[in-house]
Amino acid sequence: MQAKPTFAIYTLGCKLNYSESSAIGQRLSEQGFDKVSFKEKADVYIINTCSVTNEADKECRMVVRNALNTSPEAFIAVIGCYAQLKPEEIAKIEGVDIVLGASEKFNIANYLKKIHKNQFTEIHSYEIEQPLEFHSSYSSGDRTRSFLKVQDGCDYSCSYCTIPLARGKSRSNTIENVLKNVYEIASKGVKEIVLTGVNLGDFGIPPQTPKGALNGVGQRETFLELVQELENVNAPVRFRISSIEPNLLTDDIIKFISTSEKLVPHFHIPLQSGSDSILKLMRRRYLSELYVERISLIKSLMPHCCIGADVITGFPGETEEKFLETYSFLNELNVSYLHAFTYSERSNTHAAESIEIVPVEIRKKRTKMLRILSEKKLHQFYTKNLGQERDVLFEGHVNDGWQYGHTDNYIRVRILSDEILKNSIYTVSLNSINSEGTVDGEIINSLHGSPTLNFELSTFH
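Residues numbered from 1 in each chain as written. Predicted model: local features only at pLDDT ≥ 70, side-chain atom pairs only at ≥ 80, totals over all residues. Heavy atoms only, no water.

Undergrad: Could you clarify how one ought to interpret helix α1 (residues 15–30) in this entry?
TA: Each full turn of the α-helix corresponds to 3.6 residues, which orients residues three or four apart in the same direction. Its 16 residues place the ends of α1 23 Å apart at the C-alpha level, agreeing with the 22 Å of an ideal helix rising 1.5 Å per residue. Looking at α1, one finds that the buried residues are Leu-16, Asn-17, Ser-19, Glu-20, Ser-21, Ser-22, Ala-23, Ile-24, Gly-25 and Leu-28. The first or second residue beyond α1 is Gly-32, which carries a positive phi of 100 degrees. (Helix = DSSP H or I, 4+ residues; strand = E, 2+ residues; numbered from the N terminus. Expected span 1.5 Å × (residues − 1). Buried < 20%, exposed > 50% of the residue type's maximum accessible area, 1.4 Å probe, protein only.)

Quick look at the structure:
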């Protein structure tokens, strides 16, 4: 009996990429391939790329080399955002056999019917202006948490971003299909589902239709309607929002989540700069005043809510004065942590044409300052939550008897226990901050252990 061909996938970048890699892997398995670890010898290696930073491009090259070192005769496929933006550049990487852009990566099985090294690299990367389908996907393999893609693409034109060029126009799944995915995920025993998308708050635009068009079942669906439907899901899962733009995070969404039993009190809201003049240069769709209003409303309704913010340092035109404006803004803002990114020039973006360049060493210095500020803010947030009782989903990281998990409001907790707590939700009292920077807790009771699930897929109609 002939052995099945083997494949391995390496994923770079965002949670969206991880959900898509899982879907691609599942389709290959259905086509008769066996999945192996990327560190093992395989017939096919797939690199699902990101292109948000220059470092991601360099990492792609490194991953290709590592795969060929493990298996020199393996077939190498590079897919994803970097593959869409710079297919010719990837084709020059020694050992790459095929490059598949945004519209072709989900059809990879069709290109693997005959696996052999190509003399010349094949490129299948079409113009992103063409209408693109929405491909449903969610991550699998981790029974604790799954990333569910509900939206893709972006209609915004931020001056530093290549994602619209890599992923195309905004488009979404339907609420009906999202719910089907939710029940499929829950049937596998997963306890937390993270909603992901390129521009999640823009949920509701059907694929291959003009923005604002009807979806065939009436008025365009909205993100608020989606979360309202998720509240009614009859399965032991909780939902987390991965990231949502401040201009799309409406008062109604915030108010609904403040009373929700299914959606956790955690928002990640991109800011990018605390200077209005820089926000305008970035072509963001809000100013700092709106951001403050969103944070104030969230904290007035959910004082315990965790709020994260993305910030870019060293954007062209960011003088020392404007950076300090951002630093002061963030220092006073009631957010819980920061994701600080050092600006890097991306070709085919408006920002890359600017002559007001900030030296790289200054960019990195500013990033370091914001990461230190983030550590202080996270410590303050943890401190404010001490003495509370929160629901913790344990993830099974055991170290000398310590087991780790996250509260609903995203506090990392550890418990000393001989029991296996993985994939169980317990109510835990938050007692003290330890030397690791996490919180030591004590179990009060179990909410959802790992019993047989009390529902079936047939409960969804």
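Undergrad: Even after reading the chapter, I still don't get the pattern of salt bridges, so can you show me in this structure?
TA: Should their charged atoms come close, side chains of opposite charge can pair. One pass over the full model with this rule turns up 22 salt bridges. One salt bridge connects Lys-149 with Glu-20, and the closest N-O pair in it is separated by 2.8 Å. Highlighted residues: Lys-149 in strand β8 (residues 145–149) and Glu-20 in helix α1, separated in sequence by 129 residues. Taken individually, Lys-149 and Glu-20 each receive the classification buried, so the pair is uniform in this respect. In this structure, Arg-61 and Glu-89 form a salt bridge, with 4.0 Å as the shortest nitrogen-oxygen distance. (Salt bridge = Lys/Arg side-chain N within 4 Å of Asp/Glu carboxyl O.)

Undergrad: What should I look at first to understand helix α7 (residues 223–230) in this one?
TA: Within α7, burial applies to Phe-223, Leu-226, Val-227 and Leu-230. Summarising the axial view, the buried residues of α7 lie within an arc of 90 degrees, below the 170-degree limit, and thus occupy one face. (Arc of directions from axis to C-beta.)

Undergrad: Looking at this structure, I do not really get the nonpolar core. What am I missing?
TA: Generally speaking, soluble globular proteins have nonpolar side chains that are buried together. Membership of the largest hydrophobic core comes to 54 residues, with the highest contact counts inside it found for Leu-148, Leu-195, Phe-223, Val-233, Phe-239, Phe-267 and Ile-298. Those residues in contact with Leu-195 that lie beyond four places of it in its chain are Leu-148, Val-150, Leu-200, Phe-223, Leu-230, Phe-239, Arg-240, Ile-241 and Ser-242. Phe-38, Tyr-45, Cys-50 and Val-96 belong to the second largest nonpolar core, which has 22 residues in total. (Core = buried A, V, L, I, M, F, W, Y, C linked by side-chain atoms within 4.5 Å. Contact = heavy atoms within 4.5 Å.)

Undergrad: Sorry, what's going on with the sheet that holds β8 here?
TA: The strand order across the open sheet formed by four strands is β7-β8-β11-β12, and the pairing between neighbours is mixed. Two strands close off the open sheet at either side, each with one partner strand: β7 (137–138) and β12 (238–241). By the bridge criterion, two bridges tie β7 to β8 in an arrangement that is antiparallel. Residue pairing across strands places Tyr-138 opposite Leu-148, the latter belonging to β8. (Pairing = 2+ DSSP bridges.)

Undergrad: Is there a simple way to think about the pairing of strand β17 (residues 402–407) in this case?
TA: Strand residues, when the strand is regular, have side chains that alternate between the two faces of the sheet. Counted residue by residue, β17 has five buried out of six residues, so it is predominantly covered. Inspection of the sheet shows strand β16 (residues 389–399) paired to β17 by five bridges, in the antiparallel sense. Counterpart to Val-392 in the pairing with β17 is Thr-407. Counting the residues between successive antiparallel strands, the hairpin from β16 to β17 contains two residues, one of them, Asp-400, with a positive phi of roughly 55 degrees. Pairing analysis gives five bridges linking β17 to strand β18 (residues 412–416), with the strands arranged antiparallel. Its bridge partner being in β18, Trp-402 is matched across the sheet by Leu-416. Following β17, the chain reverses through four residues before pairing antiparallel with β18; Tyr-410 in that reversal takes a positive phi of roughly 65 degrees.

Undergrad: Sorry if this is basic, but what is going on with the confidence of the model for the protein here?
TA: One rule of thumb: low pLDDT means the predicted coordinates there are not for detailed reading. Residues with a pLDDT of 70 or more make up 91% of the protein, whose mean pLDDT is 90. A low-confidence stretch, residues 449–461 stays under pLDDT 50, and its non-local contacts, those more than four residues away or across chains, total 26 contacts. (pLDDT = per-residue confidence, 0-100.)

Undergrad: Please explain the state of the cysteines as it appears in this structure.
TA: In protein structure, a disulfide is the covalent linkage between the sulfur atoms of two cysteines. One pass over the full model with this rule turns up zero disulfides. Cys-81 carries a free sulfur, and the closest cysteine sulfur to it, the one in Cys-50, is 6.3 Å from it. Taking relative accessible area as the criterion, Cys-81 reaches 9% and is therefore assigned buried. Considering cysteine sulfurs only, Cys-306 is the nearest to Cys-305, which forms no disulfide, with 6.9 Å between them. (Disulfide = S-S within 2.5 Å.)

Undergrad: Quick question: what am I supposed to make of the sheet that holds strand β2 (residues 34–35) here?
TA: Sheet architecture is open: six strands sit in the order β2-β1-β3-β4-β5-β6, paired in parallel fashion. Looking at the sheet topology across the chains shown, the edges are occupied by β2 and β6 (122–124). With two bridges connecting them, strand β1 (residues 6–11) and β2 associate as parallel partners. Across the sheet, the residue bridging to Phe-7 is Lys-35, located in β2. Contacts from α1 reach β1, β3 (44–49) and β4 (75–80), with the element oriented near 175 degrees to β1. (Axes fitted to C-alpha atoms, helices over the stretch in contact; angles between N-to-C directions.)

Undergrad: What exactly am I supposed to notice about the pairing of strand β15 (residues 337–342) here?
TA: Pairing analysis gives six bridges linking strand β14 (residues 306–313) to β15, with the strands arranged parallel. Residue pairing in the sheet places Asp-310 in a bridge with His-339 of β15. Read as a crossover between parallel neighbours, the route from β14 over helix α11 (residues 320–332) to β15 is right-handed. (Right-handed = clockwise from strand over helix to strand, strands pointing away.)

Undergrad: Which parts of the structure should I look at to understand the packing of α11 against helix α12 (residues 360–385)?
TA: Think of two packed helices as two axes; the pair is described by the angle between the axes and how far apart they sit. Put simply, α11 and α12 touch, their axes get as near as 11 Å, and they point 10 degrees apart. Classed by the angle they form, the pair α11 and α12 counts as roughly parallel. Across the interface between the two elements, Glu-320, Phe-323, Tyr-327, Leu-330 and Asn-331 from α11 touch Arg-366, Met-369, Leu-370, Leu-373 and Lys-377 from α12. For the contact of α11 with α12, a count of residues per class yields six nonpolar, one polar and three charged. (Parallel < 35°, antiparallel > 145°, perpendicular 65-115°, else oblique. Nonpolar A, V, L, I, M, F, W, Y, C, P; charged D, E, K, R; others polar.)

Undergrad: Where do I start with the packing of aromatic side chains in this structure?
TA: The description of an aromatic ring pair uses the distance of the two centres, along with the angle that the planes make with each other. Per the stated rule, a full pass over the model turns up nine aromatic pairs. Relative to Tyr-45, the ring of Phe-38 has its centre 5.0 Å away and its plane inclined at 65 degrees; by these criteria the two rings are edge-to-face. By relative accessible area, Tyr-45 is classed as buried at 0%. Ring centres of Phe-315 and Tyr-343 lie 5.4 Å apart, and the angle between their planes is 70 degrees; this geometry places the pair in the edge-to-face category. Of this pair, Phe-315 sits in the loop between β14 and α11 while Tyr-343 is found in the loop between β15 and α12, placing the two residues 28 residues apart along the sequence. Assessed through its relative accessible area of 2%, Phe-315 is described here as buried. (Phe/Tyr/Trp six-rings, centres within 6.5 Å; stacked < 30°, edge-to-face > 60°.)

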